[in-house]
Amino acid sequence: MAGPLPLGIPWPQDSILVPQSEESSSFHAYVHIPFCEVRCGYCDFNTYTASELPGATRESFHESLIREIEFSSKVLAQSAIPKRPFSSLFFGGGTPSLFEVDQIQAILVALEREHGIERGAEVTLEANPETLSREYLQGLFDAGVNRLSMGAQSFDPVVLSTLERKHDPAKVMEFVAVAKEIGFRTSIDLIFGAPGESMESWANTLLVATSLQTEHISCYSLIVEDGTKLAKQISRGELAEVDEDLNAEKYEMATKVFSDVGLDWYEVSNWGVPSTHNLAYWRSQDWWGFGPGAHSHISGNRFWNRKHPSAYATALEAGSPAQGMEVLDNRTRLEERLLLEMRIKGGVPRSLLNELLVSPKKISERIGSGDLVLLPGDRVGLSEKGRLVADGIVLEFLTD
Amino acid sequence: MSPRAQTALVPSMTDPAQIRNFCIIAHIDHGKSTLADRMLQLTGIVDDRSMRAQYLDRMDIERERGITIKSQAVRLPWEYDKQTFAMNMIDTPGHVDFTYEVSRSLAACEGAVLLVDAAQGIEAQTLANLYLAMENDLEIIPVLNKIDLPAAQPEKYAEELASLIGGDPADCLRVSGKTGAGVAELLDRIVQRVPAPVGDKDAPPRAMIFDSVYDSYRGVVTYVRMIDGSLHPREQIQMMSTRAVHELLEIGVISPEPEVTKGLSVGEVGYLITGVKDVRQSKVGDTVTTKLRPATQALKGYAEPKPMVFSGIYPIDGSDYPNLREALDKLRLSDASLVYEPETSAALGFGFRCGFLGLLHLEIITERLEREFNLSLIATAPSVVYHVKREDGTDFVVTNPSEYPDGKIREVQEPMVKATILSPKDYVGVIMELCQGKRGTMIDMQYLGEDRVQLRYKLPLAEIVFDFFDQLKSKTQGYASLDYEDDGFAPGDLVKVDLLLQGEKVDAFSSIVHKDKAYAHGNKIAQKLRELIPRQQFEVPIQAAVGSRIIARESIRAIRKDVLAKCYGGDISRKRKLLEKQKEGKKRMKMVGRVEVPQEAFIAALSSEDTSKAEKKK
């Protein structure tokens, strides 16, 4: 969601989508809650602090989201796409935990009413430990949220201050424990590679993170996005440049520490009990992204909403909040599959590589160099070393 | 002031006494084309409405760069003292690379306007062309241009001109090509001072070719100056150097658009069209006669164009090779000085070894190839011709460092030039330092006027083609000017420096340099490549070697991490766009063995730019 939205074709006047693929797919929902109390220095997500948002208030914003949920069910019905209950839901942001329990509950009710939610579906909410209380968490759990993803980022106060994260690391520990007691599945997010982060600092963060015994850890290397405060600080020389070699070492260290505690990788940046929702993205399943700037994928149609919450809400009054869309042709769908599925543990089937006319020589060279491994079922996937250069492998496979 | 001529003289029937053939010689940027523009307007052959800047420069590149590559001849009517004259203005190229063409243009004239920027004074090019004009016994009319500039110092430079060509500083005309001031007086002066052409109108026809251009609709258009006799349409004409016979389909004058005439007679200047498609069949300097009444003696001064600088030109995409060949074939139609032959490089695949008159010529040709034929090209570092003699007595002519023979070398001869540098006296020190650093030996030094110095050096051509001119300009704040002429071959203490990527020699990066500079050169290129070549999947050692001796080494570490973790909120489109962008970037890479080398590396590695200026590696 960073940067400008892609250019695309306009959303169809009649709001009818044409399915591009006959393959059956599960259905998922992403709900974007575009509010934060402060904006972090590295963040380029579509989020707003209260003062940045005239005309769209946090207290009533769930009404707009519900309006889009109703709209989505109308679109699918008009497009003769069979109704499917959601296999997973994800509340992301921003800081979704800035929403009241009632607001989350109202959204869940609307999702259930308009599309249905599978029994046992994974319902995740991103939480900022600073905003949490036991009561709040209990409320969420009772409303139907069953998985909590906590943005820990680091347990080193120096790194947190570089990232301008204001939370107290102790709060993460506290609320992970509380969440587990209540019965949530838990996950934490870590970010490595912040300017100035040493191997020792990262090792300590990993140690603390694993001691929390969450069932899942996401671990991202910091990407310095253009236009963020962090990028400016680096270009002015106030902070060190990101060292990708050091990041490679940090990644390897993380893999080792996680596997020691039984958290196995299942996607380039994810370890532990796989998240249904996360996998849906990498496997090109169908999902509807609700909220400003959210992206959707319905059977080869990708579309994205207006970014600004006020513009989004206004557009919804008239019909679709979509800013644009693209319809993927067969070749593009195959390329996307390679790009995305290559990242997950099961890799890609050989048949996909054949369809994309990837030369067997390139594949065998990458197997020879140890970047790729052969997997059962005539599949090819990333080795631990290969995971660090996944983008390069895909690029090589898709160019002459 | 003279009025515009009311009736122009009829070509083919003009008395030589009423003809004046002149050219304008000037340093680049001294405003020659602008002055020509004013003359076109003043004589009324181009009306004010259709006037555009540098009217006579036909090629886009000429107009963009503001320089004249191909000369043109325009017939201007002018009335002086109640008599009408036909003035033929021959516009000459103004760059060192095209000296031969200039000399032929001069040979077509009886007079030369020596045009000097009144704010800058004489430059080396002016001087070189002035000497050429004097050798051709031309009447010299000194003119100071740009007198409208606040920085103009006409008195000072009039003195300088007078001391150079003799005469009174007061005779030096002052004009402004920009405002038009003094241009009419200049035309009058040409009539007064330039002698009328003299020739035998009954002798067998002889016409000298001073330019030859290719027009995609008309074929080759040949510009000639009639020396003796006359030519008429439908005659069978013959080129004296090749004995080739062509039918004269069209004959005419340029005024300033082509105007068909009944012929050209003694002293006139005009164009011929024979339907040939290749300028090689009508070479500059050659003599045209007729088959029926052939002349026996060709005009003197004809010379084959001689390439001075060589470079390998390769398509980035190997499948473009046939297109490159076709493009070169087409360019050769309009540029007789371009020579090329197929060449293979282990690193770059199939391409052509091309010979050029100089660096500007090289630049113009590669730019035209890319622009007019939509090709993506790599041009290897320019080199010169070496004569190599091995211990076993075999001789080699090396135009490409990769052809440098193995084994024990007895002697290497390299081409030398005599360079003339003109500069304000304050810069003499830095110029001498520069020339010595470039292995130059001083011939002499002379003061021209109070504060301008002429330095003459004997230098290896290889040192000049590289970056001498740029360095000279930057060390003298742009005040020094340079001209050079061929000065034969001389033995040099030279070695070949090879560059190895992953232990494999990359012939495109090889160069022949002086022994004392081999180490510094190898180091510099290895470092530059390390910055320019992106990190690969594997470590890439870079080595520079003389023979089997490694003189420098660097290494590009393997890339360890490129994966972008984040794919937030399902924005797959953005991720794919990023991939598309990377794909485009990859297309601009050339595979050398297993190493991806960006195009810039080939150019930048051998240029003298500071490494800090080279593009920073991502």
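Counting restarts for each chain: residues are numbered from 1 in the order of the written sequence. Labels follow written order: the first chain is A, the first ligand is 1, and so on. Where totals are concerned, whole chains, interfaces and linings use all residues; where local detail is concerned, this predicted model gives features only for residues with pLDDT of at least 70, and gives and counts side-chain atom pairs only at 80 or more.

A. Spotlight on the overall build of chain B. Going along the chain from the N terminus, every DSSP run of H or I of four or more residues is numbered as a helix, and every run of E of two or more is numbered as a strand. Summing up its helical and strand segments, chain B has 13 helices and 31 strands in all. Counting other C-beta atoms within 10 Å of a residue's C-beta gives its exposure: the residue is buried at 20 or more, exposed at 12 or fewer, and partly exposed in between, where C-beta atoms are placed from the backbone. Taken over 618 residues, chain B has a buried fraction of 50%. Residue pairs qualify as contacts under a 7 Å threshold applied to their C-beta atoms, which are placed from the backbone. For chain B, long-range pairs separated by at least 24 residues make up 70% of all intrachain contacts whose partners lie at least 6 apart in sequence.

B. A look at the overall build of chain A. The number of helices and strands found in chain A is 15 helices and 15 strands. With 400 residues in all, chain A has 46% of them scored as buried. Contacts in chain A between residues far apart in sequence, at least 24 positions, make up 74% of those at least 6 positions apart.

C. Structural context of the nonpolar core. With 166 residues, the main nonpolar core has A112, L114 and I421 of chain B as its most contacted residues. Broken down by element, this core gets its largest block of residues, seven residues, from helix 10 (residues 461–475) of chain B. For L114 of chain B, the contacting residues outside a window of four places in its chain are I25, T126, L130, I140, I141, P142 and V143 of chain B. For our purposes the nonpolar core covers buried Ala, Val, Leu, Ile, Met, Phe, Trp, Tyr and Cys residues that link as a set through C-beta atoms within 7 Å. By size, the runner-up hydrophobic cluster in this structure holds 93 residues, among which are V172, A179, V257 and L338 of chain A.

D. Representation of the interface of chain B and chain A within the structure. Contacts between chain B and chain A engage 24 residues on the former and 39 residues on the latter. Residues are grouped as follows: Ala, Val, Leu, Ile, Met, Phe, Trp, Tyr, Cys and Pro are nonpolar; Asp, Glu, Lys and Arg are charged; all remaining types, including Gly, are polar. Grouping the amino acids of the side of chain B that touches chain A by side-chain chemistry returns eight nonpolar, five polar and 11 charged.

E. Here's a closer look at the packing of helix 1 (residues 61–78) of chain A against helix 10 (residues 309–318) of chain A. All names here are of chain A. For every element, the axis is a line fit to its C-alpha atoms; helices are fit only across the contacting stretch, and the angle between N-to-C directions ranges from 0 to 180 degrees. Between helix 1 and helix 10, the shortest axis-to-axis distance is 10 Å and the interhelical angle comes to 45 degrees. Compared by their axis directions, helix 1 and helix 10 come out oblique. Handedness of the helix 1/helix 10 crossing: left-handed. Together, F61, S64, R67, E68 and F71 of helix 1 and P309, Y312, A313 and L316 of helix 10 make up the contact between the two elements. Orientation labels follow simple angle bins: below 35 degrees gives roughly parallel, above 145 gives roughly antiparallel, 65 to 115 gives roughly perpendicular, and whatever is left gives oblique. A clockwise turn of the near helix away from the far one marks a right-handed crossing, whereas an anticlockwise turn of less than a right angle marks a left-handed crossing.

F. Molecular detail of the pairing of strand 21 (residues 409–424) of chain B. Residue and element names in this part refer to chain B. Across four bridges, the pairing between strand 19 (residues 386–390) and strand 21 is antiparallel. Across the sheet, the residue bridging to R390 is I409, located in strand 21. Any two strands are treated as partners once DSSP identifies two or more bridges connecting them. Summarising the sheet, strand 21 and strand 24 (residues 481–491) pair through nine bridges and their orientation is antiparallel. Opposite I421, over in strand 24, you have L482 as the bridge partner. Pairing analysis gives nine bridges linking strand 21 to strand 23 (residues 452–460), with the strands arranged antiparallel.

G. Here's a closer look at the sheet that holds strand 7 (residues 206–215) of chain B. All names here are of chain B. If you walk across this open sheet you meet the eight strands as 10-9-14-7-8-13-11-12, and the pairing is antiparallel. On the outer flanks of this sheet lie strand 10 (245–247) and strand 12 (258–260), each paired with one strand and no other. Between one strand axis and the next, the sheet turns through 40 degrees on average, direction left out of account. As defined by bridge partners, strand 8 (residues 219–228) adjoins strand 13 (residues 269–273) across five bridges and the pair is classed as antiparallel. Across the sheet, the residue bridging to R225 is V269, located in strand 13.

H. Up close: helix 1 (residues 32–42) of chain B. Across the 11 residues that make up helix 1 of chain B, a large majority, eight, are buried. Immediately downstream of helix 1 of chain B, the backbone of G44 of chain B shows phi near 80 degrees, a positive value.

I. Seen up close, the environment of L212 of chain A. Residues and elements named next belong to chain A. The topology assignment puts L212 in the loop between helix 6 (199–211) and strand 6 (216–221). Residue class for L212 comes out partly exposed when judged on the 17 C-beta atoms lying within 10 Å of it. In this structure the C-alpha to C-alpha distance between L212 and S187, which are 25 residues apart in sequence, comes to 9.7 Å. Contact partners of L212, with chain neighbours within four places excluded, come to M173, V176 and I188.

J. Local environment of the sheet that holds strand 16 (residues 339–345) of chain B. All names here are of chain B. Strand order in the open sheet formed by four strands is 16-17-15-18, with antiparallel pairing between adjacent strands. Two strands close off the open sheet at either side, each with one partner strand: strand 16 and strand 18 (377–379). Geometrically, the sheet is characterised by an average inter-axis angle of 30 degrees between neighbouring strands, direction not taken into account. Pairing geometry for strand 15 (residues 309–315) and strand 17 (residues 349–356), over five bridges, is antiparallel. Bridge pairing links V309 to F356 in strand 17. Relative to strand 18, helix 8 (residues 359–373) is tilted by about 170 degrees, and along the sheet it contacts strand 15, strand 17 and strand 18.

K. Geometry of unusual backbone geometry. With an omega dihedral of 20 degrees, the bond running from G93 of chain A to G94 of chain A counts as a cis peptide bond. Its identity as a non-glycine residue notwithstanding, S299 of chain A has a phi of 45 degrees, on the positive side. Within the secondary structure, S299 of chain A sits in the loop between strand 10 (295–298) and strand 11 (301–305). You will see that Q502 of chain B, though not glycine, has its phi angle at about 55 degrees, which is positive. Its place among the elements puts Q502 of chain B in the loop between strand 25 (494–501) and strand 26 (504–505).

L. Quick look at the pairing of strand 10 of chain A. Residue and element names in this part refer to chain A. Neither face of strand 10 is open: one carries H295 and H297, the other S296 and I298, and all of them are buried. Across four bridges, the pairing between strand 10 and strand 11 is antiparallel. Within the sheet, the bridge partner assigned to H297 lies in strand 11 and is R302. Counting the residues between successive antiparallel strands, the hairpin from strand 10 to strand 11 contains two residues, one of them, S299, with a positive phi of roughly 45 degrees.

M. Region of interest: the environment of A203 of chain A. Residue and element names in this part refer to chain A. Relative to the elements of secondary structure, A203 occurs in helix 6. For A203, a count of 14 C-beta atoms within 10 Å translates into the label partly exposed. As for A203 and V257, which are separated by 54 residues in sequence, their C-alpha atoms are 8.7 Å apart.

N. Here's a closer look at the confidence of the model for chain B. Residues and elements named next belong to chain B. For chain B, per-residue confidence averages 83 on the pLDDT scale, and residues scoring 70 or more make up 90% of the total. Along the chain, pLDDT gives the predictor's confidence residue by residue, from 0 to 100. Predicted confidence is poor over residues 66–71, with pLDDT under 50, and the contacts of this stretch with residues over four places away or in other chains come to 24 contacts. Both scores are given for the predicted complex: the pTM is 0.63, the ipTM 0.84.

O. Region of the structure containing helix 4 (residues 124–135) of chain B. All names here are of chain B. Multiplying 1.5 Å by the helix residue count minus one yields the expected span of that helix. Taking 1.5 Å per residue as the helical rise, helix 4 with its 12 residues ought to reach 16 Å, and the 17 Å between its terminal C-alpha atoms agrees with that figure. All of the buried residues in helix 4 are A124, Q125, T126, L127, A128, N129, L130 and A133. At the C-terminal side of helix 4, D137 shows a positive phi close to 60 degrees.

P. Region of interest: the packing of helix 3 (residues 134–143) of chain A against helix 5 (residues 169–182) of chain A. Residues and elements named next belong to chain A. Running from N to C, helix 3 and helix 5 point in directions that differ by 40 degrees, and their axes come no closer than 10 Å. When the interaxial angle is binned, helix 3 and helix 5 end up oblique. For the pair helix 3 and helix 5, the sense of crossing is right-handed. Between helix 3 and helix 5, the residues in contact are R134, L137, Q138 and F141 and V178, A179 and I182, respectively. Residues belonging to the contact of helix 3 with helix 5 are distributed by class as follows: five nonpolar, one polar and one charged.

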